[in-house]
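Spelled out from the first residue to the last, the chains are:
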Amino acid sequence: MRHAGIILIVAFLVSGATLPERGPMPLARPSSGDDRPTPTPKPATPRANGADAEEKSNGRAGNDARADRDLPPGWKDDALDAVPVLVIEKENPQEYASCLSELKSLGSSFSEVDRIDDGKGCGIDKPIEVRAILPGVTLKPEGVMRCEAALALARWTKETAAPATSSAFSPETSITALNQASTYVCRLRNNADAGKISEHARGNAVDIASFTLSDGKTVEIQPRDEDGTLTGAFQRAVTASACLYFTTVLDPGSDAAHEDHLHLDVIERKNGYRYCR
């Protein structure tokens, strides 16, 4: 094939024919940075039904789901583990009625108050203001929260904190007040400028700073991991037992932000997971 090509070229030249002139080569067009080929759009991938189910599995219907949407400054989670809730979750009427009924049966003193909506997802659909968590056990000062948080607080006080008091101090000693440092407040976690919304902003949390006892003694929450006294044993006992009632328990050993109180909340997590430290 190579020899045949050479013979044809020689024959062409012998015949006196001339090769056609080639025109000037066009100059390359300067690149503007926008001359890249336009990519062919990829078809959208349908969202699997399982993704929706996963977002709803913790009972908050997407509150903890990743999302690409604009949020107010300081309210976007940097790690994108979760997107702060921007709406107030509505109470289930039947569950709310059942909670109120049980709280009344325990002897709690409280009032239903108007719906709270402070913007940025802060608020409570059906808040209650608690005066006494049990008969003879006041909440000082009175605190606003969801019924579910109040019910967990009442059960914990009655079933574990009260018995621990009589065991640690004397059979005649009882709790007369839970002194709280925070119930409902619109803020981010640990009062930070950015990050996830606090459960206090949803009415799910209460911070206990101290217990007032019937003998006049006040047991303040403070670091007591190495406290070998009965007061230290009392605090460790009520802290450990709190995780039977609350889904988050943070004590002075957890971090610097909780050196002087117990943080207790009832956030719903996937698969019933609880975080206790």
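Residues numbered from 1 in each chain as written. Predicted model: local features only at pLDDT ≥ 70, side-chain atom pairs only at ≥ 80, totals over all residues. Heavy atoms only, no water.

## Quick notes on empty space enclosed by the protein
Using the following cut-off: Grid spacing is 1 Å over the protein atoms alone, the probe is 1.4 Å, and a cavity is where that probe fits but cannot get out, while a pocket is an open set with protein on both sides within 12 Å along at least five of seven lines and lining residues have an atom within 4 Å of a point. Grid points are joined across faces, edges and corners, and a volume is the space filled by probe spheres set on the points. Any residue outside Ala, Val, Leu, Ile, Met, Phe, Trp, Tyr, Cys, Pro, Asp, Glu, Lys and Arg is labelled polar, Gly included; the first ten of those are nonpolar and the last four are charged.
Evaluation of the coordinates by the stated rule reveals 2 cavities of 30 Å³ or more. Approximately 40 Å³ is the volume attributed to the second largest cavity. Of the residues that constitute the lining of the second largest cavity, the class distribution is 2 nonpolar, 4 polar and 4 charged.

## Looking at the packing of helix H4 (residues 147–168) against helix H5 (residues 230–242)
Helix-helix packing is characterised by the crossing angle of the two axes and by the distance between the axes. In plain terms, the rule: Here the axes come from fitting lines to C-alpha atoms, over the contacting stretch only for helices, and the angles between their N-to-C directions go from 0 to 180 degrees. Secondary structure elements are taken from DSSP: a helix is a run of H or I of four residues or more, a strand is a run of E of two residues or more, and numbering for both begins at the N terminus. Between 65 and 115 degrees an angle is taken as roughly perpendicular, under 35 as roughly parallel, over 145 as roughly antiparallel, and anywhere else as oblique. Crossings are classed by handedness, with left-handed meaning an anticlockwise turn of the near helix from the far one by less than a right angle and right-handed meaning a clockwise turn. Whether two residues touch is decided by their heavy atoms; if any such pair falls within 4.5 Å, the residues are in contact.
Close contact between H4 and H5 brings their axes to 10 Å; oriented N to C, the two are set at 165 degrees. Classified by the angle between their axes, H4 and H5 sit roughly antiparallel to one another. Viewed along their axes, H4 and H5 form a crossing whose handedness is right-handed. Residues Trp156, Thr160, Ala161, Ala164, Thr165 and Ala168 of H4 form the contact with H5, whose own contacting residues are Leu230, Phe234, Val238, Ser241 and Ala242. The residue makeup of the contact of H4 with H5, split by class, is 8 nonpolar, 3 polar and no charged.

## Observations concerning the nonpolar core
Put simply, the rule reads: Each nonpolar core is a collection of buried residues, namely Ala, Val, Leu, Ile, Met, Phe, Trp, Tyr and Cys, held together in the definition by side-chain atoms within 4.5 Å. Relative accessible area decides the class of each residue, using a 1.4 Å probe on protein chains only: under 20% of the type maximum gives buried, over 50% gives exposed, and in between gives partly exposed.
Counting residues in each nonpolar core, the largest one holds 42 residues, and the members touching the most others are Leu153, Trp156, Phe211, Phe246 and Leu264. Put simply, the parts of the chain that give this core at least two residues each are helix H3 (93–105), strand E4 (128–134), strand E5 (137–145), H4, strand E6 (175–182), strand E7 (205–213), H5 and strand E10 (262–265). Ranked by residues supplied to this core, first place goes to H4 with 11 residues.

## Looking at the pattern of salt bridges
For clarity, the cut-off: What makes a salt bridge here is a side-chain nitrogen of Lys or Arg within 4 Å of a carboxyl oxygen of Asp or Glu, nothing more.
Taken as a whole and judged by the stated rule, the model has 7 salt bridges. A salt bridge links Arg115 to Asp117; the nearest nitrogen and oxygen atoms lie 3.7 Å apart. Classification of Arg115 by relative accessible area gives partly exposed; the value is 42%. Residues Arg224 and Asp227 are paired through a salt bridge, measuring 3.0 Å at the closest nitrogen-oxygen approach. Given a relative accessible area of 10%, Arg224 falls into the buried group. By relative accessible area, which is 19% here, Asp227 ends up buried. The structure contains a network of salt bridges with shared partners spanning Glu91, Arg146 and Glu148.

## What to know about the state of the cysteines
Our working rule: A pair of sulfur atoms, both from cysteines and within 2.5 Å, is called a disulfide here.
Considering all chains together, one arrives at 3 disulfides under this definition. Through a disulfide, Cys99 is tied to Cys147; the S-S separation comes to 2.1 Å. Because the torsion about its S-S bond is -100 degrees, the bridge between Cys99 and Cys147 counts as left-handed. With Cys99 in helix H3 and Cys147 in helix H4, this pair connects stretches of sequence that are 48 residues apart. The pair formed by Cys99 and Cys147 is uniform in burial state, with each residue classed as buried. Across a sulfur-sulfur distance of 1.5 Å, Cys243 and Cys276 are joined as a disulfide pair. Taking the torsion about the sulfur-sulfur bond, which here is approximately 55 degrees, the covalent link between Cys243 and Cys276 counts as right-handed.

## Considerations on unusual backbone geometry
Of the consecutive residues Lys140 and Pro141, the connecting peptide bond is found in the cis state with omega at -15 degrees. Of note in the backbone geometry, Lys120 takes a positive phi value of approximately 60 degrees without being a glycine. You can see Lys120 is positioned in the loop between strand E2 (116–119) and strand E3 (122–124). Phi at Asn271 is positive, roughly 60 degrees, even though this residue is not glycine. Relative to the helices and strands, Asn271 is located in the loop between E10 and strand E11 (275–276).

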